[in-house]
Amino acid sequence: MAKIDISGRTALVTGANRGIGKEIVRALVQGGIGKVYAAVRTPATAEVLLSEHGPDKVTVVPFDLTEERSAEHAAAKAPDTDILICNAGVLQTATVFSDNVFEALRFEIEGNLYGFIRLVRAFAPVLEKNGGGAIVQLNSIVSMKCFPDFTTYCASKAASYAVTQALKFQLAEQGTSVFSVHPGPVATDMGDAAGLSEVAQPPAQVADAVVEAFRTGEFHVWPDQMAQQIQSAYEGFAKGVVEVELSEG
Ligand SMILES: NC(=O)c1ccc[n+]([C@@H]2O[C@H](COP(=O)([O-])OP(=O)(O)OC[C@H]3O[C@@H](n4cnc5c(N)ncnc54)[C@H](OP(=O)(O)O)[C@@H]3O)[C@@H](O)[C@H]2O)c1
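Please read all numbers here as calculations on a predicted model, not as lab measurements. Residue indices begin from 1 for each chain and proceed along its sequence in written order. Only residues with pLDDT of at least 70 get local features here, since the model is predicted, and only at 80 or more are side-chain atom pairs given and counted; chain-wide, interface and lining totals rely on the full set of residues.

Engineer: Got a minute to help me understand the overall build of the protein chain in this structure?
Structural biologist: The number of helices and strands found in the protein chain is 8 helices and 7 strands. Radius of gyration (C-alpha) of the protein chain: 17 Å, near the 18 Å computed for a compact globule of 249 residues. Its C-alpha atoms give the protein chain principal-axis dimensions of about 50 × 45 × 35 Å. Put plainly, a residue is buried at 20 or more neighbouring C-beta atoms within 10 Å of its own, exposed at 12 or fewer, and partly exposed in between, counting only other residues' C-beta atoms, which are placed from the backbone. Within the protein chain, the proportion of its 249 residues that are buried is 45%. Elements are defined by DSSP. Helices are runs of H or I of four residues or more, strands are runs of E of two residues or more, and each kind is numbered from the N terminus. For the radius of gyration, the atoms used are the C-alpha atoms, and the globule rule reads 2.2 Å times the number of residues raised to 0.38.

Engineer: I'm lost on the sheet that holds strand β6 (residues 177-181) in this one. Help?
Structural biologist: Note on sheets: strands pair through backbone hydrogen bonds, and any given pair is parallel or antiparallel. DSSP calls a pair of strands paired once it identifies at least 2 bridges connecting them. Taken together, the 7 strands give an open sheet; going across it, the order is β3-β2-β1-β4-β5-β6-β7, and neighbouring strands pair in parallel fashion. Of all strands in the sheet, those with a lone pairing partner are β3 (58-62) and β7 (220-221), marking the two edges.

Engineer: How do you make sense of the site of the ligand when you look at a structure like this?
Structural biologist: Here is the check we use: build the C-beta atom from the backbone, and if it is within 6 Å of the molecule or strand, call the residue near. Near the ligand lie 29 residues; those nearest to it are G15, G19, G89, T188 and M190. If you list the elements that add at least two residues to the shell around the ligand, you get α1 (19-30) and α6 (189-193). Charged means Asp, Glu, Lys or Arg here, nonpolar means Ala, Val, Leu, Ile, Met, Phe, Trp, Tyr, Cys or Pro, and polar covers whatever is left, Gly included. Residues that form the shell around the ligand fall into these classes: 11 nonpolar, 14 polar and 4 charged.

Engineer: Looking at this structure, I do not really get the nonpolar core. What am I missing?
Structural biologist: The term nonpolar core means buried Ala, Val, Leu, Ile, Met, Phe, Trp, Tyr and Cys residues held together as one set by C-beta atoms within 7 Å. Judged by nonpolar contacts, the single largest core of 67 residues is most densely connected at V13, V25, V36, A38, A39 and V210. Those residues in contact with V25, other than ones at most four positions away along the chain, are V13, A16, V36, A38, L49, H53 and V58. Once C-beta atoms are placed from the backbone, any two residues with those atoms within 7 Å are in contact.

Engineer: Could you clarify how one ought to interpret the packing of helix α4 (residues 101-129) against helix α5 (residues 151-170) in this entry?
Structural biologist: The axes of two packed helices give the description: the angle between them and the distance between them. Each axis is a line fitted through C-alpha atoms, and for a helix only the stretch in contact is used; angles between axes span 0 to 180 degrees, taken between their N-to-C directions. Here α4 crosses α5 at 20 degrees, and the two axes come no closer than 8 Å. Of the possible angle classes, the one that applies to α4 and α5 is roughly parallel. Between α4 and α5 lies a crossing of right-handed hand. Across the interface between the two elements, V101, A104, L105, E108, I109, N112, L113, F116, I117 and V120 from α4 touch T152, Y153, A155, S156, K157, A159, S160, V163 and L167 from α5. Tallied by class, the residues present in the contact of α4 with α5 amount to 13 nonpolar, 4 polar and 2 charged. Angles are sorted into four bins: roughly parallel if under 35 degrees, roughly antiparallel if over 145, roughly perpendicular if 65 to 115, and oblique for all others. Two helices that cross are described as forming a left-handed crossing if the nearer one is turned anticlockwise from the farther one by less than a right angle, and a right-handed crossing if clockwise.

Engineer: Explanation requested: the environment of V40 in the structure shown.
Structural biologist: With respect to the element layout, V40 can be found in strand β2 (residues 35-40). With 24 C-beta atoms packed within 10 Å, V40 lands in the buried category. Separated by 22 residues in the primary sequence, V40 and P62 have C-alpha atoms spaced 5.3 Å apart. Not counting residues up to four positions away in its chain, the partners in contact with V40 are G15, A16, N17, T45, A46, V60 and F63.

Engineer: Even after reading the chapter, I still don't get the pairing of strand β4 (residues 83-86), so can you show me in this structure?
Structural biologist: As a general feature of sheets, a regular strand has side chains that alternate between the two faces. Burial along β4 is two-sided: I83 and I85 and L84 and C86, pointing in opposite directions, are all buried. When strand β1 (residues 10-14) meets β4, the two strands line up parallel, connected through 3 bridges. Across the sheet, the residue bridging to A11 is I83, located in β4. As paired strands, β4 and strand β5 (residues 134-138) are joined by 4 bridges and run parallel to one another. By the bridge assignment for β5, C86 is matched with Q137. By convention, orient the strands away from the viewer: a clockwise path from the first strand over the helix to the second makes the crossover right-handed. Following the chain from β4 across α4 to the adjacent parallel β5, one finds a crossover that is right-handed.

Engineer: Teacher, can you tell me more about α4 here?
Structural biologist: Since there are 3.6 residues in each turn of an α-helix, residues three or four apart along the chain are aligned in direction. Expected span of a helix: the number of residues minus one, times 1.5 Å. Here α4 contains 29 residues, and its C-alpha end-to-end distance of 41 Å stays within 8% of the 42 Å for a straight helix at 1.5 Å per residue. The angle separating two fitted axes, one through the seven residues that finish at a residue and one through the seven that start at it, defines the bend at that residue. The largest bend in α4 amounts to roughly 35 degrees and is located at F123, with the proline P125 lying one to four residues further along. By the burial criterion, the buried members of α4 are A104, E108, G111, N112, G115, F116, L119, V120, F123 and L127. Buried positions along α4 lie against β1, α3 (70-77), β4, β5 and α5. G131 lies just past α4 and shows a positive phi near 105 degrees.

Engineer: What's the story with the environment of Q137 in this structure? I'm lost.
Structural biologist: With respect to the helices and strands, the residue Q137 is situated in strand β5. Accessibility expressed as a C-beta count within 10 Å gives 27 for Q137, which makes it buried. Expressed as a C-alpha distance, the spacing of Q137 and A88, which sit 49 residues apart in the sequence, is 9.4 Å. Leaving out residues up to four positions away in the same chain, Q137 has contacts with C86, F116, S160, T164, S180 and V181.

Engineer: Is there a simple way to think about the pairing of β5 in this case?
Structural biologist: Most of β5 is tucked away, with 5 of its 5 residues classed as buried. The alternating pattern of β5 places A134, V136 and L138 on one face and I135 and Q137 on the opposite face, and all of these are buried. Crossover connection from β5 via α5 to parallel β6: handedness right-handed.

Quick look at the structure:
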């Protein structure tokens, strides 16, 4: 477990303009972060962050998950980043039997997996140069439990969780702490699109759990009640298998 003191540090948050990302910026600022890069695909949508937190705290950086070189360009514009928060993500609702199953799967794998991998490849050297720092990946309870109505989204979040596990061990060598966040339904545009408004929890809860994870150093982050229900069944496997080194030979 590697704890992170965020005071005076510099974070880059993808998808910072709305939903969970916007709340993460708020929680980081309240937690004493020095500076936040708001990495967003339409810079004008981040103006609200500038007026809320001021230009000394927030700098807007263009970023698109689906553009091959976008993460590298963002890393060049944010060379003092020491905490990378991979929050931006996409959802479509498709089951194995939907007409759009392959289109949805490609779209979600492109955004939620390739986009994540591109970010990590661009920023890992930046974090190493700046002393190690941390990477936070927004996974989901659907990384562990597939809900048939959005099978393809679940598949993309299971895949990003697998990559997050690999990074926990690989990046420990350069002193980078990795965190895997697993919210249940959250009251954002994505939660609405999934038809989960009635059971969704406030995005601030996820953001506060991320800041709390920096304090505890716990790899798996379970922000809400539904997440904690999964945690209680999964914890033994997490601690006994996922979070420990097993021989690959
Ligand atoms: N909501 C939930 O129930 C829930 C539960 C568990 C995990 N999560 C995960 O939490 C993260 C945030 O979700 P949310 O609920 O806040 O979603 P949201 O309200 O739909 O917001 C999505 C964010 O991702 C950005 N984004 C989408 N496509 C992008 C692209 N191609 N390039 C750059 N940015 C892009 C959006 O930017 P634009 O404004 O430009 O579209 C927006 O800032 C996601 O990774 C999601 O999978 C969500």
